[in-house]
Amino acid sequence: MALWMTWELEGVGTASHSQAVESVEEPARWLVGSVERSRRAFEAEWRRRRIMESALRVRAQMLGEGRETVEGGASWSLADEGGVEVRLAVRKEQG
């Protein structure tokens, strides 16, 4: 399945990635890895922890409801109150 994921980290910025993947687990790793790499963007440790906690909540939803939704062919999104927003979409493969 080819997925397109866009995500926004409050106070850091936005990112997107598109790739053919086996499942939603890989995009879930992209999200958490992005938060880990953005560590320098936070002046206060509590803000970094807040974003990571938000990312982990979003990740859990991605692996549940998000996975079911995209496997059914629909887009899925979630905006967490902690500052992380994610959108997953199935990308039509060229062929």
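Sequence order sets the numbering: in each chain, residues are counted from 1 along the sequence as written. Two thresholds apply to this predicted model, a pLDDT of at least 70 for residue-level local features and 80 or more for giving and counting side-chain atom pairs, whereas whole-chain, interface and lining totals are computed over all residues. Processing note: side-chain calculations cover all non-hydrogen atoms of the structure and skip hydrogens and water entirely.

### Here's the deal with helix H2 (residues 45-71)
Numbering of helices and strands runs from the N terminus, with a helix taken as a DSSP run of H or I at least four residues long and a strand as a DSSP run of E at least two residues long. In this analysis, the expected span of each helix is defined as 1.5 Å times one less than the number of residues it contains. Taking 1.5 Å per residue, 27 residues should reach 39 Å; H2 reaches 36 Å between its end C-alpha atoms and fits that length. A residue's bend is simply the angle between two axes: one fitted to the seven residues ending at it, one to the seven starting at it. When the local axis directions of H2 are compared, the greatest deviation, roughly 45°, occurs at Met 62. Any residue under 20% of the maximum accessible area for its type is buried, any over 50% is exposed, and the rest in between are partly exposed; the area is computed with a 1.4 Å probe on protein chains only. Every buried residue of H2 is accounted for by Arg 48, Ile 51, Met 52, Ser 54, Ala 55, Val 58, Met 62, Gly 66 and Val 70. On the buried face of H2, the contacting elements are strand E1 (2-9), helix H1 (25-37), strand E3 (76-79) and strand E4 (84-90). With its phi angle positive at about 95°, Gly 73 sits one or two positions after the end of H2. Should any heavy atoms of two residues lie within 4.5 Å, those residues are considered in contact.

### Quick look at the pattern of salt bridges
By definition, a salt bridge exists where a carboxyl oxygen of Asp or Glu is found within 4 Å of a side-chain nitrogen of Lys or Arg. Inspection of every chain in the model, using the stated rule, returns five salt bridges. For Arg 50, the salt bridge goes to Glu 10, with nearest N and O atoms at 2.9 Å. One end of the pair, Arg 50, is in helix H2; the other, Glu 10, is in the loop between E1 and strand E2 (13-20), with 40 residues separating them in the sequence. Put simply, Glu 25 and Arg 67 hold a salt bridge, and the shortest N to O gap is 2.6 Å. Pair noted here: Glu 25 is in helix H1 and Arg 67 is in helix H2, with a separation of 42 residues, a long-range link. Bridged by salt links that share partners, the residues Glu 45, Arg 48 and Arg 49 form one connected network.

### A word on the environment of Arg 50
On the basis of relative accessibility, which here comes to 31%, the residue Arg 50 falls in the partly exposed class. It is 7.8 Å that separates the C-alpha atoms of Arg 50 and Gly 83, two residues lying 33 residues apart in sequence. In this structure the side chain of Arg 50 is engaged in a polar contact, spanning 3.3 Å, whose partner is the backbone oxygen of Glu 81. Two N or O atoms count as a polar contact when they lie within 3.5 Å, although within protein this holds only if one can serve as hydrogen donor and the other as acceptor, and sequence-adjacent residues are included solely when both atoms are side-chain atoms.

### A closer look at the nonpolar core
Core analysis: the biggest nonpolar cluster contains 22 residues, and Met 5, Leu 31, Met 62, Val 84, Val 86 and Leu 88 have the highest contact counts within it. Those elements that place two or more of their residues in this core are E1, H1, H2 and E4. The dominant element in this core, judged by the number of residues it contributes, is H2, at six residues. Every residue in contact with Leu 88, bar those within four places of it in the chain, is listed here: Trp 4, Met 5, Val 24, Pro 27, Met 62, Val 70, Ser 75 and Trp 76. Buried Ala, Val, Leu, Ile, Met, Phe, Trp, Tyr and Cys residues that are joined via side-chain atoms within 4.5 Å together make up what is termed a nonpolar core.

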